[in-house]
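Residues per chain, in single letters:
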Amino acid sequence: MSAVLDLKLKRANKVYHEGEVLAGVVVITGKEAIQHQGISLTMEGFVNLQLSSKSVGVFEAFYNSVKPIQLINSNIEVAKPGKVPGGKTEIPFEFPLQVKGNKVLYETYHGVFVNIQYTLRCDMRRPLLAKDLSKTCEFMLHCQPQKSKVQPSPVDFIITPETLQNVRERSVLPKFLIRGHLDATNCVITQPLTGELVVESSEVAIKSIELQLVRVETCGCAEGYARDATEIQNIQIAEGDVSHGLPIPIYMVFPRLFTCATLETTNFKVEFEVNVVIVFHDDHLITENFPLKLCRV
Amino acid sequence: MVSVPWHSRVRHYEAELRSCRAAVASVDFGDYHPLKPITVLDSRSRRGGRKGSTSSSSSSSSSVAPDPLSSLLEGTDPLSLFAAAAEAAEAPTLPHSASAMELGRRRREREEEVGLDFEPWAAKRGEILARFTTTEKLSINLFMGSDKSKASSPSSAVSEKVRTRLEELDDLEEGSQREMMNLSQQDYVNRIEDLNQSLKEAWSSDQKVKALKIVIQCSKLLSDTSVIQFYPSKFVLITDILDTFGQLVYDRIWSMCSDPHSLPDTFSAEDVNDTAKETCLNWFFKIASIRELIPRLYVEAAILKCNRFLNNSGIQETVPRLTAMVRGIGDPLVAVYARAYLCRVGMEVTPHLKDSLNKNFFDLLASFRQIHGDAVQNQLVLQRVEVPVYLTLYSPAIHWILQCVAYRASDVLLTEMMERCKKLGNNVCVCVCVCVCFFTHSALLLNSVMWAFRAEFVAARATDFISMIKDCDETGFPKHLLFGSLGRSLACADPPESERLPILNEAWKVITKVRNAQDYITCAEIWVEFTCRHFTKREVNTVLADIIKHMTPDRAFEDAYTELHSVMMKILTYFHNFSVLFSMEKFLPFLDMFQKDSVRVEVCKSIMEVFIKHQQESTRDPVILNALLHVCKTMHDSVNALTVEDEKRSVSLLINGFIRMVSFGRDFEQQLSFCVEARATFCNLEPVIIQLIHTVNQLAIETRRVMGGSHSRKTAAFVRACAAYCFITIPSISNIFSRLHLYLLSGKVALANQCLSQADAFMKAAVSVLPEVPRTIVVEGKQRSSESFLLEFISSFLSTLLVVPDHPEQGVLYLVRGLLNMVQDYTWEDSSDAKVRVYISALPLLAAMSQESYLYTILNVDSNETLYGGDPKFVAEISRLCETLIGQVLDHLKTLGREEGVHRQGSLAFSLFSCLLAHADLRNNKLNQLAVNLWNLSHKNGQCDTRISVRTLEHIKSQAQHSELSHLSDMLLRLSLQSRA
């Protein structure tokens, strides 16, 4: 294991945009000179779609998974077969992030049923008796900032027993009044979700108030489409029986990788929603849902 | 035995004195004075100053000529200019800073922002830990990794379920899912310390995620309020971990930035490289995704300082947001401590960011009604904690927050805070049902307000405070504690003149109603200071009466000695006039409350110390004397066989101080009878007895001075009484040298007062005591030979004997003879010349006695010169005595020559020679020959100091110039200096 292959991108945060140049160095370190049969670099971008077993059935989910959609692929040879001298060798490289045709480079996104991922792989083929070396690193792609100005479209909400849907016996419900507002439902992804919430009154003690960030992924396939909502994260904003009448801040940072600008394509959709969840002391749960539109500016 | 007939030299003391006086030399007070500033006028030195750094000549130049260096630069030197510029540049930036090596510097800078008058957290820490303890069993619940969303693993192509499963596996590997029950408090503290340790280990072994997990789990413990009495201590322990974590993260990012060269102390976000920023951002993203509110809040607060790496306004934006976030915490106790932590971190990182501190405080006020919510009340019932106890749990946090808020705050703000507090109180009046609850909050709050606010502020509004406290309800926070706080503030700052009496009246009305003796005395102790400071003895007396009334039942004072002592100290600090002090009716009864001996003695000592320090002039006030005599007697009586030496010394010192301050003016007899009484009272303390003897001797001398040297019959009787007092007191002293010196001194005093027989008795007593002197005595804990002390005493004694007239019924010179006999019989150390030295020193006395008029005499006392009138028989007697003495000395010299004592022989011979030279009539051939022989003997063995010899010869030469001493020049020829062969 004398030789070590490494990839270093020029940008520390590994974030790139379409049209930019992905630059970096291949770093080879070894005590002695390393014999090799060529070093190559591959840059790839894929959308992986997976059908959830819930919407199409177990077997379909297993077999019928949609083929990955390739977004970008390019390959270059960094070094011809030969020898790399001992010590540390750095070989610089550059990839233009250009797509062919009418393809678009979607934003990096790690979800459950939709994954958009960009990788850079470096391979070093080596003669017999020596293992080929390979190193992969992921880099992030952010879509071009939106041109038009974002309308924040704030929303005020009031939660009372009367506003609830899906209630079996409305009469059993305790009385409560919760008022609040979100500063924006059209959110800039780099800015936190903010707002305020006031428990005006509540008959039952509150145990916890949480913000649940949910992704809604839709995959189209031959049989139709599958739409699934899963939780990304759950942030508690109040614990215990908070004092009434005092505004509690709503604040949530959108996690990187797991969120992206709201995406709508012919094959799949990625959307986000936030739930304000109020848990009462008797573990009764009240959820108020707000669809969000994330964008990048 | 060689016998040399003695002939004393005739002395003319006055002429000798005249010739010895130094000639008056007139000093010219012209231009020169050594202390006058040196004026440098030489232009060359100025040039030197410009050129080099070694211009010491210019450094001493005075203001007359301007310092060449500074004049050159017109007062501003470039270095200080740079320094000033740098300071100016630094000023607007945050206090910051970081790595461990910068610690010292950082501390200094922080002090610049937060002055030394700000009590640091470290000071509170120990106090809280000591105060909030529990005997209940505690438990730690650490579910490492059960929290799914805490770390957003980037490899999440796998489905969520799988990821969770994997994480659980990880956790099992770490073995970190555990719950520890039934821990004692000490175990708990140890566990937390273990966690702190494992945090550091995890960090150093690069397991950053594990470190974060530990921190999250720890801060999660803060949301648990079971065993609520322990909560403040738990807070302290866990925030220690958080602090460690914050510092670790900060240091790591700092070190990432300092790759090529380390960051300047006052760096801005632009100086930070991308990698460091990315790492820092990563931390914040990770923390932002912590599920629970409390850990998220605490951990983010812990790394608040790291915001500086990201952008320059980060901290200013984050602190208010975190402040608002606390509102989400339902439990008021947890919330208040979270605020305290926030204030603490905020104070450290951005002390000038006052707004969020204030917001914290006002939020706190708003959340107070929570205390009376069902949740809290139920919990209290469950844990069987009473409301007052529960409320005290808040005090450390509220103290801290208020300290931060009130630190260098303006009066306007403080007034606003007061108003807000009051408003809570007023609401109360409106709504009776909420009344009880609100009263208690404001009570709790008031207590803290007074601790943290500047005393002047409180003092100015004392009446307001009093009325607020009076309105408060008794059930929550006990009023006496509130009054205690108020009193403490008022002790430091003065309220307006007109309000003082009403304040005291109001306050004392409440205090006097406090039932519990311990509570009462803690509060009363504080208010005594206020009373002493502003009022007269009348009020203080009333207060003392009240204290006595409260503390006497059931001997409650026994448990409150420290407080009572402190009351006493406060009174003593403000009342220095002891006649006023003792005229307070209740002062002595108050003193009587100290019934435990050790405490009583301590109190007495304090009283005496104050008396000695502040009593300016001596007193004869019977009230003071009686009282202090009583006090001193108490101290004296505490001395017993087991008392250590130091204690005795300090007590004696205090009593002596008292005795010195007693003076009855012209009423000497009264003074003497006081001394008699004191002797009876303080018989166990030798230093006091000695002091008394000195006092009485002084009294006798004073009498003599008043009478102008000649006593009337009455005064003569009085001074005799003084002598008698001394005579019978001295034998009770055990230290033999003290006794000797006192005999001698008292003898002199008696002589001066023409009490001849008394003087005689003293002298005789001294002589008779001499044989008892032991050969070694203990000086400062070491065994020392007493010889030198004895020689010293004998010399002094001999010089006194010159003026002591012979007793008519005894033989000639019987005191001298007696002394010499004693010296002869005394068992000297074997190899010592002391005896001979005494003999040699007796020679000058005898020579002086044979003069026609003596060197000194005592007014109105006839010495031997008058008694004998230079009778030849008397002179012959003296000569015979001298002969014998010289014979003894010569014999001794002979013995020394035989033994190994050549050196001693030489020096003895030389001193005898000096004695002969000065006191013997060397015109006599035999004496002359003896002197020459002694000179030769002293020089025989080369043991003599040549310099002394040379100077002696010079002296003889100069003496020989006087006509009556011309014979010395002949002798001079016969004295040869030993050649340095």
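All values reported here derive from a predicted model rather than from experimental measurement. Per chain, residues are indexed from 1 in the order of the written sequence. Note on labels: chains are lettered from A, ligands numbered from 1, in written order. Totals for whole chains, interfaces and linings use every residue, but because this is a predicted model, local features are given only for residues with pLDDT of at least 70 and side-chain atom pairs only at 80 or more, for both listing and counting. Only hydrogens and water are set aside when side-chain values are computed; all heavy atoms of the structure are taken into account.

### Points about the overall build of chain B
A run of H or I in DSSP counts as a helix once it spans at least four residues, and a run of E counts as a strand once it spans at least two, with each numbered from the N terminus. Secondary structure summary: chain B contains 47 helices and four strands in total. Partitioning the intrachain contacts of chain B with sequence separation of at least 6 by distance along the chain shows that 73% fall at a separation of at least 24. Per element, the accessible surface of chain B, about 47100 Å² overall, is 53% carbon and sulfur. We call two residues in contact whenever any of their non-hydrogen atoms come within 4.5 Å of each other. To be clear on the numbers: accessible area is Shrake-Rupley with a 1.4 Å probe, and residue cover counts the displayed protein chains and nothing else.

### Overview of the overall build of chain A
Within chain A one finds two helices and 21 strands. Note on exposure labels: buried denotes an accessible area under 20% of the residue type's maximum, exposed denotes more than 50%, and partly exposed covers the range between, all computed with a 1.4 Å probe on protein chains only. Going through the 297 residues of chain A one by one, you find that 48% of them count as buried. Put simply, of all contacts in chain A between residues at least 6 apart along the chain, 70% involve residues at least 24 apart. Total accessible area on chain A stands at roughly 15100 Å², and carbon and sulfur atoms take up 52% of it.

### Some details on the interface of chain A and chain B
If you look at the interface, chain A gives 30 residues, while chain B gives 34 residues. The term buried area refers to how much accessible surface (probe radius 1.4 Å) is lost by two components on association, counted for both of them together. Looking at the side of chain A facing chain B, the largest losses of area belong to Gln236, Glu239 and Arg256 of chain A, adding up to 23% of the total buried there. By definition, a salt bridge exists where a carboxyl oxygen of Asp or Glu is found within 4 Å of a side-chain nitrogen of Lys or Arg. Where chain A meets chain B, there are two salt bridges. The salt bridge partner of arginine 256 of chain A is glutamate 278 of chain B, with a shortest N-O separation of 3.1 Å. Two N or O atoms form a polar contact when they lie within 3.5 Å of each other; inside protein one atom must be a possible hydrogen donor and the other a possible acceptor, and for residues adjacent in sequence the pair counts only when both atoms belong to side chains. Between chain A and chain B we count nine residue pairs in polar contact (both at pLDDT 80 or more) in total. Looking at the side of chain A that touches chain B, the elements that each hand over two or more residues are β16 (206–221), β17 (224–239) and β18 (248–252) of chain A.

### Some remarks on the confidence of the model for chain A
The score called pLDDT rates the predictor's confidence residue by residue, from a low of 0 to a high of 100. Averaged over all residues, the pLDDT of chain A is 86; the fraction at 70 or higher stands at 93%. Highest mean pLDDT in chain A belongs to β18 of chain A (93); lowest belongs to helix α2 (residues 58–63) of chain A (57).

### Some words on the packing of aromatic side chains
Residue and element names in this part refer to chain B. Each aromatic pair joins two rings of Phe, Tyr and Trp (for Trp, the six-membered one) with centres within 6.5 Å, and gets the label stacked for planes under 30 degrees apart, edge-to-face for over 60, and tilted for any other angle. Within this structure, the stated rule accounts for 39 aromatic pairs over all chains. When the ring of tyrosine 250 is compared with that of tryptophan 254, the centres are 6.4 Å apart and the planes differ by 20 degrees; the resulting orientation is stacked. In this pair, tyrosine 250 and tryptophan 254 are both assigned in helix α11 (residues 231–257), four residues apart and thus about one turn of the helix distant. When sorted by exposure, tyrosine 250 lands in the same class as tryptophan 254, which is buried. Relative to phenylalanine 587, the ring of phenylalanine 582 has its centre 5.5 Å away and its plane inclined at 85 degrees; by these criteria the two rings are edge-to-face. By relative accessible area, which is 6% here, phenylalanine 582 ends up buried. The exposure class assigned to phenylalanine 587 is buried, which follows from its relative accessible area of 0%. Two limits define a charge over a ring: the Lys NZ or Arg CZ must be within 6 Å of the ring centre, and within 35 degrees of the ring normal. Across from the ring centre of tryptophan 203, 4.9 Å away, lies the NZ or CZ of lysine 208, which sits over that ring. Lying across the ring of tyrosine 250, lysine 305 places its NZ or CZ 4.4 Å from the centre.

### Some points on the sheet that holds strand β13 (residues 176–182) of chain A
Residues and elements named next belong to chain A. Read across the sheet, four strands follow the order β12-β13-β15-β18 without closing on themselves; strand pairing throughout is antiparallel. With partners counted over all chains shown, the strands left at the sheet margins are β12 (155–159) and β18, one partner each. Between one strand axis and the next, the sheet turns by 20 degrees as a mean value, whatever way the strands run. Two strands are counted as paired when DSSP detects at least two bridges linking them. Note: β13 against strand β15 (residues 193–202), seven bridges, orientation antiparallel. The partner of leucine 177 across the bridge, within β15, is serine 201. Here an angle of 0 to 180 degrees is reported between the N-to-C directions of two axes, which are lines fitted to C-alpha atoms, with helices fitted over the stretch in contact.

### Some details on helix α17 (residues 354–366) of chain B
Here α17 of chain B contains 13 residues, and its C-alpha end-to-end distance of 19 Å stays within 8% of the 18 Å for a straight helix at 1.5 Å per residue. Within α17 of chain B the residues assigned to the buried category are Ser356, Leu357, Asn358, Asn360, Phe361, Phe362, Asp363, Leu364 and Leu365 of chain B. What a helix should span is 1.5 Å times the count of its residues minus one.

### Quick notes on the sheet that holds strand β1 (residues 4–9) of chain A
Residue and element names in this part refer to chain A. Spatial ordering of the open sheet is given by β1-β3-β8, a layout of three strands whose pairing is antiparallel. Each edge of the open sheet is held by one strand with a lone partner, namely β1 and β8 (87–96). Averaged over all pairs of adjacent strands, the angle between their axes in this sheet comes to 20 degrees, without regard to strand direction. In this sheet, β8 lies alongside strand β3 (residues 21–30) in antiparallel orientation, the contact comprising 10 bridges. Along β8, the bridge assignment pairs glycine 24 with phenylalanine 93.

### With respect to the nonpolar core
In globular proteins that are soluble, nonpolar side chains generally tend to be buried together. Residues and elements named next belong to chain B. Ranked by internal contacts, the top residues of the largest apolar core, which has 186 residues, are Trp527, Ile547 and Phe658. Counting residues per element, this core draws most heavily on helix α41 (residues 834–849), at 12 residues. Ignoring anything within four residues of it in the chain, the contact list for isoleucine 547 reads Tyr520, Ile521, Ala524, Val528, Leu564, Val567, Phe590 and Met593. Nine residue types can take part in a nonpolar core, namely buried Ala, Val, Leu, Ile, Met, Phe, Trp, Tyr and Cys, and a core is a set of them joined through side-chain atoms within 4.5 Å. Formed by 98 residues, the second largest nonpolar core is a distinct cluster that contains Val236, Ile241, Ile315 and Leu333.

### Examining the packing of α41 of chain B against helix α44 (residues 902–919) of chain B
Residue and element names in this part refer to chain B. As a packed pair, α41 and α44 sit with axes 10 Å apart at the nearest point and diverge in direction by 5 degrees. With respect to their mutual orientation, α41 and α44 come out roughly parallel. The residues of α44 that touch α41, namely those facing Val836, Arg837, Ile840, Leu843, Pro844 and Ala847, are Ser907, Leu908, Ser911, Leu912, Cys915 and His919. In terms of residue class, the contact of α41 with α44 is built from eight nonpolar, three polar and one charged. Oblique is the label for every angle not falling under 35 degrees (roughly parallel), over 145 degrees (roughly antiparallel), or within 65 to 115 degrees (roughly perpendicular). Residues are sorted three ways: Asp, Glu, Lys and Arg are charged, Ala, Val, Leu, Ile, Met, Phe, Trp, Tyr, Cys and Pro are nonpolar, and all the rest, Gly among them, are polar.

### Here we look at unusual backbone geometry
Phi at lysine 14 of chain A takes a positive value of approximately 60 degrees, unusual for a residue other than glycine. For lysine 14 of chain A, the position within the fold is in the loop between β1 and β2 (15–17). Among the residues examined, lysine 14 of chain A registers a relative accessible area of 33% and is labelled partly exposed. Backbone geometry places arginine 384 of chain B, a non-glycine residue, at a positive phi of 55 degrees.

### Comments concerning the side chain of histidine 110 of chain A
Residue and element names in this part refer to chain A. Here histidine 110 shows up in strand β9 (residues 109–110). Histidine 110 gets classed as buried once you look at its relative accessible area, which sits at 2%. Of note is the side chain of histidine 110, whose polar atom sits 2.8 Å from the side chain of glutamate 138.

### What to know about helix α35 (residues 686–706) of chain B
Residues and elements named next belong to chain B. Its 21 residues place the ends of α35 30 Å apart at the C-alpha level, agreeing with the 30 Å of an ideal helix rising 1.5 Å per residue. Of the residues making up α35, those classed as buried are Val688, Ile689, Ile690, Gln691, Leu692, Ile693, Thr695, Val696, Asn697, Leu699, Ala700 and Thr703. Just past α35, the residue glycine 708 takes up positive phi, approximately 65 degrees.

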